[in-house]
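As a plain string of letters, each chain reads:
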Amino acid sequence: MSLAQAFADHLRRDRRRSVHTVRAYVATAERLLAFLSEHHGRPVDAALLKAIGVADLRAFLADRRGDGLGNASAARELSAVRTFLAFAGVEAPRLKGPKVKKGVPRPVSPAEAVALAEDVAEERDGWTGARDLAVLLLLYGAGLRIGEAMGLTGAALPLGATLTVTGKRNKTRVVPLLPQVRDAIESYVAACPYSPAKNQALFRGARGGPLEPSQIRRAVRRARGRLGLSERTTPHALRHSFATHLLGRGVDLRSLQELLGHASLSSTQIYTAVDAAHLMDVYRNAHPRA
């Protein structure tokens, strides 16, 4: 079995990563091995891999840049390289990821939301990685506040097509549960060593107590640095992105109000301004006279 194939098995079996993540990370590993072989003029063996240095990684990223890779994608590539080298028992050279020019805050794109969740999960081993992936996909896929996600208990199981959430002022609402989000939560529950009792927190910390929101916030902060995302990319920004993307797909304000659990329609109307700003960006970038 090749090293890349063993890496794929490790990601699937031991890290419980999604098919998308396995495919992307293994492709990066294969690109790195092919590049190193050509760069050094010989097949890659354990000795060559352990001798990898900063210059090698810089040359690899420069080669990928030649393929049109942007800053955020290059940061993602570097993160995958570090994960692969760690699997191979090699300490990755210390190399800062590419910086992304800061501009006007924008909603996190669907691809960025998934990349963020998967990158956070990659930082941890075993069931805690599956937990973080489930939490972040829940914030983006169902528009929950982080406190609402932390407030879920084992009573939410077994999961169905919808989820009952308790929000501010103890107001409950029902939100749809995407199959991908449901699968992520069920994978976490299956891997978690603590029994999901109905009167206890669904998402647990490493010692079995309720998961603290600060742990998710810190993990997101580290991941956005690796991926070159804006400082405004926070767990709560995933909820904003959920709302903005739904509005952009034609969901009416009243329905969006119910999905978000806003007490008044005025709270929901802020997303019309966000969506209008996004449309203006599209217009300026696309119109020849803009």
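Every chain begins its residue count from 1, and numbering advances along the sequence as written. Under the rules for a predicted model, residues below a pLDDT of 70 receive no local features and side-chain atom pairs below 80 are neither given nor counted, while totals for whole chains, interfaces and linings still include all residues. To obtain the side-chain values, all non-hydrogen atoms of the structure were included, while hydrogens and water were left out.

Engineer: Just checking my understanding: could you explain the overall build of the protein chain for this structure?
Structural biologist: Helix and strand counts for the protein chain stand at 14 helices and two strands. Burial classification: accessible surface area is computed with a 1.4 Å probe over protein chains only, and a residue below 20% of its type maximum counts as buried, one above 50% as exposed, and the rest as partly exposed. Burial analysis of the protein chain (290 residues in total) assigns 43% to the buried set. Residues count as neighbours in contact if any of their non-hydrogen atoms are within 4.5 Å of one another. Across the protein chain, the fraction of contacts at a sequence separation of at least 24, relative to all contacts at a separation of at least 6, is 60%. Accessible area of the protein chain: about 15300 Å², with a carbon and sulfur share of 53%. Numbering of helices and strands starts at the N terminus; helices are DSSP runs of H or I of at least 4 residues and strands are runs of E of at least 2. Calculation of accessible area relied on Shrake-Rupley with a 1.4 Å probe; when residues are assessed, cover is drawn exclusively from the protein chains displayed.

Engineer: I'm lost on the packing of aromatic side chains in this one. Help?
Structural biologist: How two aromatic rings sit relative to each other is set out by the distance from centre to centre and by the angle between their planes. For this analysis, a ring pair means two rings from Phe, Tyr or Trp (six-membered ring only for Trp) whose centres lie within 6.5 Å, classed as stacked if their planes differ by under 30 degrees, edge-to-face if by over 60, and tilted for the remaining angles. All told, the structure shown has six aromatic pairs when counted by the stated rule. Seen in terms of ring centroids, Trp127 and Tyr194 are 5.8 Å apart; in terms of plane orientation they differ by 80 degrees. Their pairing is edge-to-face. You can see Trp127 sitting in helix α7 (residues 126-142) and its partner Tyr194 sitting in the loop between α9 (179-191) and α10 (213-227), a full 67 residues away along the chain. For Trp127, a relative accessible area of 16% translates into the label buried. Three or more aromatic residues link up through ring pairs in this structure, and these residues are Trp127, Tyr188, Tyr194 and Phe203.

Engineer: Any chance you could explain the packing of helix α5 (residues 71-87) against helix α6 (residues 110-122) here in plain terms?
Structural biologist: The relative placement of two packed helices is expressed as an angle between their axes plus a distance between the axes. An axis is simply a line fitted to the C-alpha atoms; with a helix, the fit covers only the stretch in contact. Between two such axes, the angle follows the N-to-C directions and lies from 0 to 180 degrees. At a minimum axis distance of 11 Å, the contact between α5 and α6 shows a crossing angle of 25 degrees. On the basis of their axis angle, the class for α5 and α6 is roughly parallel. The two elements α5 and α6 meet at a crossing, and its hand is left-handed. Contact residues: α5 offers Arg76, Ser79 and Thr83, while α6 offers Ala115, Glu118, Asp119 and Glu122. Three residue categories are used. Nonpolar comprises Ala, Val, Leu, Ile, Met, Phe, Trp, Tyr, Cys and Pro, charged comprises Asp, Glu, Lys and Arg, and polar comprises the others, including Gly. A class-by-class count of the residues in the contact of α5 with α6 yields one nonpolar, two polar and four charged. Angle categories are assigned with fixed cut-offs, so that under 35 degrees is roughly parallel, over 145 is roughly antiparallel, 65 to 115 is roughly perpendicular, and the rest are oblique. What makes a crossing left-handed is the near helix being turned counterclockwise from the far one by less than a right angle; a clockwise turn instead makes it right-handed.

Engineer: Would you take a moment to explain the nonpolar core for this structure?
Structural biologist: One recurring pattern in soluble globular proteins: nonpolar side chains tend to sit buried together. Here the nonpolar core consists of buried residues drawn from Ala, Val, Leu, Ile, Met, Phe, Trp, Tyr and Cys, with membership extended through side-chain atoms lying within 4.5 Å. By size, the foremost hydrophobic cluster in this structure holds 45 residues, and its most contacted members are Leu136, Leu138, Leu144, Leu163, Phe203 and Leu238. Looking at this core, the element that brings in the most residues is α7, giving eleven residues. Contact partners of Leu144, with chain neighbours within four places excluded, come to Leu138, Leu139, Ala149, Leu152, Val165, Arg173, Val175 and Arg239. Among the nonpolar cores identified, the runner-up in size contains 25 residues, and Tyr25, Leu33, Ile52 and Leu57 belong to it.

Engineer: Can you help me understand the side chain of Thr233 in this one?
Structural biologist: Structurally, the position occupied by Thr233 is in the loop between α10 and α11 (235-248). Residue Thr233 is classed as buried on the basis of its relative accessible area of 6%.

Engineer: I'm lost on unusual backbone geometry in this one. Help?
Structural biologist: Only a minority of non-glycine residues have a phi that is not negative, and only a minority of peptide bonds are not trans. Of note, the amide linkage connecting Leu157 to Pro158 takes the cis form, showing an omega dihedral of -5 degrees. Along the polypeptide, Pro158 turns up in the loop between α8 (146-150) and β1 (162-166).

Engineer: How should I be thinking about the pattern of salt bridges in this particular structure?
Structural biologist: When charged atoms on two side chains of opposite charge get close, those side chains can pair. A carboxyl oxygen of Asp or Glu within 4 Å of a side-chain nitrogen of Lys or Arg is what we treat as a salt bridge. Scanning the model with the defined rule gives eleven salt bridges in all. The shortest N-O distance in the salt bridge between Asp14 and Arg13 comes to 3.3 Å. Put simply, Asp119 and Arg226 hold a salt bridge, and the shortest N to O gap is 2.6 Å. A residue pair is termed long-range when its members are at least 10 positions apart, and Asp119 in helix α6 and Arg226 in helix α10 qualify at 107 residues. Of the two residues, Asp119 and Arg226, both sit in the buried class.

Engineer: Sorry, what's going on with the pairing of strand β2 (residues 172-176) here?
Structural biologist: Of the two faces of β2, only one is covered, namely that formed by Arg173 and Val175; the face formed by Thr172, Val174 and Pro176 stays uncovered. Any two strands between which DSSP finds at least two bridges are classified as paired. Here β1 pairs with β2 via five bridges, running antiparallel. Residue pairing for β2: Leu163 is matched across the bridge by Val175.

Engineer: How do you make sense of the pairing of β1 when you look at a structure like this?
Structural biologist: Regular strands place their side chains on alternate faces of the sheet. Burial along β1 is one-sided: Leu163 and Val165 are buried, while Thr162, Thr164 and Thr166, pointing the other way, are not. Counting the residues that bridge the hairpin from β1 to β2 gives five residues, and of these Arg169 lies at a positive phi of roughly 60 degrees.

Engineer: Sorry if this is basic, but what is going on with the packing of α7 against α10 here?
Structural biologist: α10 packs onto α7 with a crossing angle of 90 degrees between their chain directions and a minimal axis gap of 11 Å. Between α7 and α10, the angle is such that the two are roughly perpendicular. Two secondary-structure elements touch here, α7 through Arg131, Asp132, Val135 and Leu136 and α10 through Gln215, Ile216 and Val220. Its residues placed into classes, the contact of α7 with α10 shows four nonpolar, one polar and two charged.

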